[in-house]
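# Commentary on secondary and tertiary structure
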Amino acid sequence: MSDDVQAATEVNDLLENYNIQAIIGPQKSSQAVFVSALGNKYHVPIISFTATSTSLSSRGLTYFVRATANDSAQVNSIASIIKTYGWKEVVLIYVDNDYGRGIIPHLVDVLEGIDAHVPYRSAIDQLATSEQITQELYKLITMQTRVFVVHMSSSLGSLFFTKAKEIGMMGKGFVWIITDGLAHLIDSLNPSVKEAMNGALGVECYVPKSKELENFTARWYLRSRNDHPNDPTLTLSIFGLWSYDTIWAVAQAAEKTKVIGTKFQRPPALKNSTSLETLENSRNGLAVLKSILQSKFKGLSGYFDLSDGELQVSMFQITNVVGKSHRVIGFWNAKNGISQELDQRKSNTTHWSTKHDLNIVIWPGETTKVPRGWEIPTNGKKLQVGIIIGGGYPKYIDADEDSLTGVVKASGLAIDVFEEAVKRLPYALPYEYIVFNTTENVSSSYDDFVNQVYLKNYDVAVGDVTIRYNRSLYVDFTLPYTESGIAMVVPAKESINKNTWIFLKPLSPGMWFGTIILFIYTGIVIWLLEFLGNNKNVHGPIPRQIATVIYFSLFEEKEKMKRLISRMVLVIWLFFLLVLKSSYTASLTSMLTVQQLHPTVTNVEELLKTGECVGYARGSYIKGLLEELGFDTSKIKPYESTEAYHSALSRGSENGGVAAVVDEIPYLKLFLAEHCKGYTMVGPIYKAAGFGYALQKGSPIIGDISQAILNITGGDTIIQIEKKWVGDQNNCQNVGTISGTGTLTFDSFAGPIIATGVASTTSLAIALIIYLCKKKQVEPEKGDSDQIFAQEENKDGETIPSSRVSSSARF
């Protein structure tokens, strides 16, 4: 029965007039609500193979058994498809009844888990007319989102997609995903309906192939042709397989519990009564229920397990409607996620796929290009771009409104970057500016400006908006288009260094120490090389040898050095001295002649210690940051322009001004470009993410705009834009972090020092090896001479004179 009341009446008749032990059905979820309540009351098992609504999963319905997949089982597979293609917004379209509404909370929750948002839910009445459906479709086409998930019955779905094609919503750029309730019945739909659904994706429960299924299908088609020779062959859907397995499970339970299907007639006096009060509970109901729940076997639909009160389904196949049929493009299960092939051995770490791990899809409009998932609304509504003015930095953002046309013309660095990014998008993006003026409301801040995006008054907030954590909780930011960091500008005093010991400053203490050690080591090495070479110039008293070491380290003279290896070491050493001397001379000259800028304040701790006043930009979050750093509220002063900064810094803290201005680096560079002389930047003293554009959470264009900004900031375009509005920052040497004193360190000469040390050590090692080898050759020769001398005697026992022995030996 199609009517819920009629279905309940039939169940009432079965319970009153027959000895019912179990009921298979009903078909609709709304009918199952009535029937399962009656079965629960009189202990009669109710088994349905088509009622999929999640509302029937209540634990209170003890005697209800769902021999089909729960609607909530497919939501993860749908979310995986959306995650795979990177779509950020999805519109849910469902029939407005228990079946349609039941899946929505589960689907919304799982979509939020993958950062996909549902901007709109379209509930269509199950008795909706063609005009009502068309009206709803026109509402959907005016929206930005182009990804739709459809959850409805086959009858309503047929009418819905037919109308969607008529108004042009089955063309390029659209994405349609249908749930299993409709996807399972595609083959049974009218060919014209399937053609209208061309390009849609579907999620179906997977049915494994088996010989039993092949034999049954063959018998099914043969029986259909015999019984209805003039009608088209009925298509066997998975609901038919579930019904077969359900009846098999109930038959097994009846056989196991020895239920006798005898007909029981009520007494004549009560035969026409419709009251259920006199009915008794089923005696065999509990036993039949337990036996059904214990049913586990390999059925036509796959492994049939009702142990948890409903069929366990873990594998889904993803189909693509093409022409008048559909094809499988992939599979999904909880363990492996999405895959092109059915491979049970595949094991991923997560079931969320992050790549196009599906076969080629023919999308609506017969294209293989993956739809972007959103389009500019067809109702002509432009992107609402909010711009903030009155912040004191018109070179970053400013605007004028035409009094006649009302059109807002914006300018500034932030505007140029935004407009350049829009030009680089692969699609047209019409927009219009809306002014957010902070001067009209003194209490307004940048947080209030960003909050307009959260309230959906703006689609995008463009300006010098700092990317901050507390703001990112409500909006999404693009990549920054400026450098990050917070620093401070302080007055700088000029001076010429007149220190008595300034001649020591060009080299760091470590460099002085290292040079002296290398000086002594090189002199000793050269002395040893000449000593081992029997150079008479290195012999003599110790003071003379020390002087020789020093002399060798400073000069190269051929008459003093006899060995080539010594001269090579000295040449490398003198090259190092030449480089060191040139660098030392240049650094000392700079220190003696160049006027240097010295900041009056070098760090925040110094400001806190002396109790100086500091300035910041009015309406900026810098005030809260200064309070966190420990500044007293009375010592923090707001200013509205770079000229106000200059005036306050000129007066100083003692005269009603400030000792330093704390702000973000892009602002301070703008200030120094206008007031370079007399000021310098110290820092960064705090980290910040830079300036970006704020968009609504889940905005589909944020990725494209961020990519365009990255392209701009990575090339010459951003340099040209900054020169246009800020000027050439290289003209002011005070822009940037305060540099060091210019002292030469050991690291500056690591190469020459290592080369000198290696050359000296290697030469000394070679000289020692040569010396030892020569010494070993001399010792055997000396032994032979002694033996000759001992044997040279005359006949009378007289020894030959030594001079003769030597002559003889030499001979």
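As recorded in an unreviewed UniProt entry, the protein goes by the name Glutamate receptor, listed as coming from Urochloa decumbens. UniProt, in its Sequence similarities (unreviewed entry) section for the protein, records the words "Belongs to the glutamate-gated ion channel (TC 1.A.10.1) family." In its Subcellular location (unreviewed entry) section, the UniProt record describing the protein reads: "Membrane".

For V460, the location among the structural elements is in strand β18 (residues 460–466). Among all residues touching V460, those that are not within four sequence positions of it are L383, Q384, V385, G386, F418, V453, Y693, A694 and L695.

When the UniProt feature table is mapped onto this chain, "transmembrane region" (unreviewed entry) is found at residues 510–529, 564–584 and 749–773. For residues 564–584, the end-to-end C-alpha separation is 30 Å, with 100% helix and 0% strand making up the annotated structure. As annotated, residues 749–773 has a helix share of 96% and a strand share of 0%, and its two end C-alpha atoms lie 37 Å apart.

In this structure, Q452 sits in helix α13 (residues 446–454). Residues within four places of Q452 in sequence aside, it is in contact with F436, N457 and Y458.

Looking now at the sheet that holds strand β5 (residues 121–124). Note: strands within a sheet are paired through backbone hydrogen bonds, in either parallel or antiparallel orientation. With respect to topology, eight strands assemble into an open sheet ordered β5-β4-β6-β7-β8-β11-β12-β13, the strand pairing being mixed. Edge positions in the sheet fall to β5 and β13 (337–339), since each has one partner strand and no second. Neighbour-to-neighbour, the strand axes of the sheet open up by a mean angle of 25 degrees, direction not taken into account. Pairing of strand β6 (residues 147–151) with strand β7 (residues 175–178), which is carried by four bridges, proceeds in the parallel orientation. Its bridge partner being in β7, V149 is matched across the sheet by I177. On the sheet, helix α3 (residues 75–85) packs against β6, β7, β8 (201–205), β11 (315–322), β12 (325–333) and β13 and is oriented at approximately 145 degrees with respect to β8.

Positionally, Y621 belongs in the loop between β22 (614–617) and α19 (622–629). Residue Y621 is classed as buried on the basis of its relative accessible area, which comes to 12%. Distance in space between the C-alpha atoms of Y621 and R468 is 9.6 Å, their sequence separation being 153 residues. Leaving out residues up to four positions away in the same chain, Y621 has contacts with T466, R468, R471, I486, E664 and A688.

In this model, helix α5 (residues 130–141) (twelve residues) spans 16 Å end to end at C-alpha, consistent with the 16 Å of a helix rising 1.5 Å per residue. Three or more residues of α5 are buried, namely I133, T134, E136, L137, L140 and I141. Down the axis of α5, the buried side of the element spans an arc of 165 degrees, and every buried residue falls inside it. Away from the buried face of α5 by more than 90 degrees, exposed residues E131 and Q135 are located. Those residues of α5 that are buried lie in contact with β4 (91–95), β5, β6 and α6 (154–166).

Attention shifts here to the packing of aromatic side chains. Using the criterion set out here, one finds 29 aromatic pairs in the structure. Plain terms: the ring middles of F148 and F174 are 6.4 Å apart, the flat faces sit at 20 degrees to each other, and that makes the pair stacked. Of this pair, F148 sits in strand β6 while F174 sits in the loop between α6 and β7, placing them 26 residues apart in sequence. For the pair F148 and F174, one class covers both residues: buried. On the basis of an interplanar angle of 50 degrees and a centroid distance of 6.3 Å, the ring pair of F316 and W332 is categorised as tilted. Highlighted residues: F316 in strand β11 and W332 in strand β12, separated in sequence by 16 residues. The pair formed by F316 and W332 is uniform in burial state, with each residue classed as buried.

The next thing to look at is α13. Of the positions making up α13, those classed as buried are Y446, F449, V450, Q452 and V453. Down the axis of α13, the buried side of the element spans an arc of 140 degrees, and every buried residue falls inside it. Positioned one or two residues after α13, K456 has a phi angle of 65 degrees, which is positive.

Tallied over the entire structure, the rule returns 15 salt bridges. One salt bridge connects R101 with D98, and the closest N-O pair in it is separated by 3.3 Å. Placement of both R101 and D98 in helix α4 (residues 98–113) is noted, with a separation of three residues, approximately one turn of the helix. With a relative accessible area of 39%, R101 lands in the partly exposed category. Salt-bridge contacts for R372 lead to E375; the nearest nitrogen and oxygen are separated by 3.1 Å. One connected set of salt bridges, linked through shared partners, spans D96, D98 and R101.

Judged by how many residues are buried, strand β14 (residues 383–389) sits mostly within the fold: seven of seven residues are covered. Alternating residues of β14 divide into L383, V385, I387 and I389 and Q384, G386 and I388, and every residue in both groups is buried. With seven bridges connecting them, β14 and strand β17 (residues 431–437) associate as parallel partners. Directly across from I388, in β17, lies its bridge partner F436. Bridge analysis of β14 against β18 gives three bridges, and the strand direction is parallel. Considered in β18, the bridge of G386 is made with A461.

Turning our eyes to something else, we now look at unusual backbone geometry. The omega angle of the peptide bond from G25 to P26 is -5 degrees, so this bond is cis rather than trans. Among the secondary structure elements, P26 is positioned in the loop between β1 (23–24) and α2 (29–42). Non-glycine residue D115 carries a positive phi angle of around 65 degrees. Assignment of secondary structure puts D115 in the loop between α4 and β5. The partly exposed category is assigned to D115, whose relative accessible area is 41%.

Let us look at the packing of helix α12 (residues 413–423) against helix α22 (residues 702–713). Relative orientation of the contacting elements α12 and α22 amounts to 115 degrees, with a least axis distance of 9 Å. Here α12 is positioned roughly perpendicular relative to α22, judged by the angle of their axes. α12 and α22 meet at a crossing whose hand is right-handed. Counting all contacts with α12, which are made through V417, E420 and A421, the residues of α22 involved are A708, I709 and I712. Taken together, the residues of the contact of α12 with α22 sort by class into five nonpolar, no polar and one charged.

The rules we used
- Residues numbered from 1 in each chain as written.
- Predicted model: local features only at pLDDT ≥ 70, side-chain atom pairs only at ≥ 80, totals over all residues.
- Heavy atoms only, no water.
- UniProt positions renumbered as here; feature names shortened; annotations may be inferred.
- Helix = DSSP H or I, 4+ residues; strand = E, 2+ residues; numbered from the N terminus.
- Contact = heavy atoms within 4.5 Å.
- Pairing = 2+ DSSP bridges.
- Axes fitted to C-alpha atoms, helices over the stretch in contact; angles between N-to-C directions.
- Buried < 20%, exposed > 50% of the residue type's maximum accessible area, 1.4 Å probe, protein only.
- Expected span 1.5 Å × (residues − 1).
- Arc of directions from axis to C-beta.
- Phe/Tyr/Trp six-rings, centres within 6.5 Å; stacked < 30°, edge-to-face > 60°.
- Salt bridge = Lys/Arg side-chain N within 4 Å of Asp/Glu carboxyl O.
- Parallel < 35°, antiparallel > 145°, perpendicular 65-115°, else oblique.
- Left-handed = near helix turned anticlockwise from the far one by under 90°.
- Nonpolar A, V, L, I, M, F, W, Y, C, P; charged D, E, K, R; others polar.

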